[in-house]
Amino acid sequence: MDRWEALWIVIVAATLGIFIGTLVAIAGVGYIPPSEVEAEYRPTDAVEEFKPGIRSLGDGVYEVNILAYRFSFQPNKIVLENPKEVRFRIYSSDVLHGFSIIGTNVNIMVIPGYISEIVWRPPPDFEGSYLVICNEYCGIGHSGMFAELVIKR
Amino acid sequence: MFRDYEKVFMRISILFSFVALALGGLFGFIQLVSRTPGFPRLVDASGYYTALTGHGVLMAIIWTAFFIMGIAVFVMVSELRVNFRKTLLGLTLVLTLGGTVTAAIPILAGRASVLYTFYPPLIGHPLFYIGLAVVIVGTWVFSAAVIDVFLRWRRANRGVGIPVGAFGVITTIIIWLEATPGLSIEVLMDLIPASLFGKPVDVLLDRTLFWYFGHPLVYFWLIPAIVAFYAIMPKLLGVELYSVKAAKLAYILFILASTPVGLHHQFVDSGLSFEAKLLHTALTYSVALGSFVTAFNVLATLERAGRARGGGVFSWVLKLPWRNPVFAGLALAFILFGFGGIGGIVNASLTMNYVVHNTLWVVGHFHLTVGSIVTLVFMSITYLIFPVVFDRNIFSGSLAKIQPYLWFVGMFIFALAYHIAGIYGAPRRVDDSSYMGLSPEIWSPLLQIGAVGGLIFWLSGVIFILNVFASLKFGAPATVNGASLSEGSGGEQGDEPTIFDRLSIWIIVALILIVIGYTVPMMEIFSRGLSPVEIVYIGG
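Bear in mind that the values here come from a model prediction, so they are computed numbers and not experimental data. (Residues numbered from 1 in each chain as written. Chains lettered and ligands numbered in written order. Predicted model: local features only at pLDDT ≥ 70, side-chain atom pairs only at ≥ 80, totals over all residues. Heavy atoms only, no water.)

Can you help me understand the environment of B:Leu93 in this one?
Residues and elements named next belong to chain B. Counting through the fold element by element, leucine 93 comes out in helix α3 (residues 86-108). Among the residues examined, leucine 93 registers a relative accessible area of 11% and is labelled buried. For leucine 93 and leucine 15, which are 78 residues apart along the polypeptide, the C-alpha to C-alpha distance reads 12 Å. The contact partners of leucine 93, leaving out residues within four places of it in the chain, are Phe9, Ile12 and Gly98. (Helix = DSSP H or I, 4+ residues; strand = E, 2+ residues; numbered from the N terminus. Buried < 20%, exposed > 50% of the residue type's maximum accessible area, 1.4 Å probe, protein only. Contact = heavy atoms within 4.5 Å.)

Would you mind going over the packing of aromatic side chains with me for this structure?
Two aromatic rings are characterised by how far apart their centres lie and by the angle between their planes. Across all of its chains, the model carries 51 aromatic pairs over all chains by this definition. Relative to B:Phe67, the ring of B:Phe18 has its centre 6.3 Å away and its plane inclined at 45 degrees; by these criteria the two rings are tilted. With B:Phe18 in helix α1 (residues 4-35) and B:Phe67 in helix α2 (residues 45-80), this residue pair connects regions lying 49 residues apart in the sequence. Residue classification places B:Phe18 among the buried residues on the basis of a relative accessible area of 0%. Centre to centre, the rings of B:Phe118 and B:Phe210 are 5.7 Å apart; their planes meet at 85 degrees, and the pair counts as edge-to-face. Taken together, the residues B:Phe118 in the loop between α3 and β1 (122-123) and B:Phe210 in helix α6 (residues 203-237) connect sequence positions 92 residues apart. Residue classification places B:Phe118 among the buried residues on the basis of a relative accessible area of 3%. Residue class for B:Phe210 comes out buried when judged on its relative accessible area of 1%. Aromatic ring contacts, followed pair by pair, group B:Tyr116, B:Phe118, B:Phe128, B:Tyr129, B:Trp176, B:Phe210, B:Trp211, B:Phe213 and B:Phe220 into a single cluster. Taking the ring centre of A:Trp4 as reference, the NZ or CZ of A:Arg3 above it sits at 5.3 Å. (Phe/Tyr/Trp six-rings, centres within 6.5 Å; stacked < 30°, edge-to-face > 60°. Lys NZ or Arg CZ within 6 Å of the ring centre and 35° of its normal.)

Where do I start with helix α12 (residues 397-423) of chain B in this structure?
In an α-helix, one full turn covers 3.6 residues, which means residues spaced three or four apart are oriented alike. An ideal rise of 1.5 Å per residue puts 39 Å on 27 residues; α12(B) measures up with 40 Å between its terminal C-alpha atoms. Just downstream of α12(B) lies B:Gly425, where phi reads positive at about 90 degrees. (Expected span 1.5 Å × (residues − 1).)

Where do I start with the pattern of salt bridges in this structure?
Where charged atoms from two side chains of opposite charge come close, those side chains can pair. All names here are of chain B. One pass over the structure, following the stated rule, counts 15 salt bridges over all chains. Across the salt bridge formed by lysine 199 and aspartate 190, the nearest N and O atoms sit 2.7 Å from each other. Given a relative accessible area of 33%, lysine 199 falls into the partly exposed group. In this structure, the salt-bridge partner of aspartate 269 is arginine 207, at a minimum N-O distance of 2.7 Å. Of this pair, aspartate 269 sits in the loop between α7 (244-257) and α8 (274-308) while arginine 207 is found in helix α6, placing the two residues 62 residues apart along the sequence. We classify aspartate 269 as buried; its relative accessible area is 0%. Looking at arginine 207, the relative accessible area reads 2%, which means it is buried. (Salt bridge = Lys/Arg side-chain N within 4 Å of Asp/Glu carboxyl O.)

So this is what it looks like as structure tokens:
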């Protein structure tokens, strides 16, 4: 190894170090992937205990419980009025699913046995509807598993 | 140099890999056409997922593993001049071929459409898992065969540095042995019992076990391609590798950090902590360092070769033998590898991963990596070693000259369109992404451009397959012999061994890193207690 090569290694290592530092820094302001959420009930009991539906906590804050199952979401039309902060809690009653709101950064796995939680701050000026899809293969009807998210102002 | 049974082994495993490539390519074609808006739908949803499973298993595991076994024998014997044990090679073939055929039956029957990543609680036919388990055992026998050759060489060559090609083969085997326990535990403890007896499984645990295996699998593919750059390309160009020591450093980085990085496939899984995910991000970046070191070394070697041919500061690029299909394939694959590597940094960054997870971006990414730096390099190596292994020349030299360029152009278009579609959220692994007309309008044109690129590199694959099979029948008797290929290949033999040649130390460090990397997530999974769920049979 000559000095150019050593220099290259130092530059690359420093760049990668900066990348990691950036990830830690933005995690500090709350950009953290969904983690460590477990369900206290079995998937088969989910419909009764998990209570799918929309709950308004006032001041534009919502909590939305969504049940994912082959091959649909419940509810599959989610209407929110002037949302500022939305906490999605998604639970699968059968196999692995995905939950992706197209055009946003909401994109998480839904693992049976665990609740997937993600907090979303919608763009303040957006009005209209988003397409929500299951983006993990779940069986033959996978492409028919989607929902609509409507934002009203 | 090669014993007869070694030649038979190379012929069978390499030919079988071409069969897998051809069949996997056919499945790829069916998928590509069927899922693209405005293209004829060749199969229904069930056929699509059968093709998808077949494409994944054949390309990711069978094509790569069989070709790698063939080339590993070639490199070990020609560099180290030590022969393999016949019984181990024979047993390898029996197990790997038998296992592949066993697994192929339920796949083709549509009874195992769980995709190559398995993803329980979807469960397919037991023969699918049993067949793959047998393949894995076969690869362990092969690993033993390689290690045996290596140890016999080492005993006779104390105090000598390991030649750079054989070093790569050993690296590949070490990574394979690091990785496969994860898959074996998942298959034996969960998937086979689930498939036979309906045992409930913990999905998060199985995902974690799969990706413990799934990421080092990437390096299992990649290292043999890198061997081509370190051991074959310099010889082809008549120069020395720029830095043997840096090559070995890269191998060691791959040995150290290829395994404890699997969580970067699970960044958006719940049930795993941010700290564990961050640790795996950091380790992923250290593997990336190995790729950057390789990039420097290969480019510096290319420059050396170009300048030796009279090139200047920039014109050395033009002096390289671009009409030689072996060189062209290697160099073009290397360019695609650059894009694949940079995209990989995005995938590995745990917050950017939100944007691209499970989208076509990922499909674009791994077609640049396993689909180009690996597949295109293996095709190029084929042009080089075919006369040695099969005693016949390649049937059509002019088709061989066009083929790598066609692959490059097609893949570039395909990957670019799919990366962009991924940023717009277009999902992977779906037979139809129209969502009753609700999908963003930009998806369709991007998918269509991608399909044009896909068809171009598919055509390149067809040309390759036809050319090699035609060569078996109509190729002229070989004019290249094995000795001329490997002459000087041991250029490093006799060199002082570096710190990187002390493999046992690095293996211990690698094991420590694996323990650190996986203790955290496993403690999280087990400490809260498993939550097994009922399985869902597929296609049965």
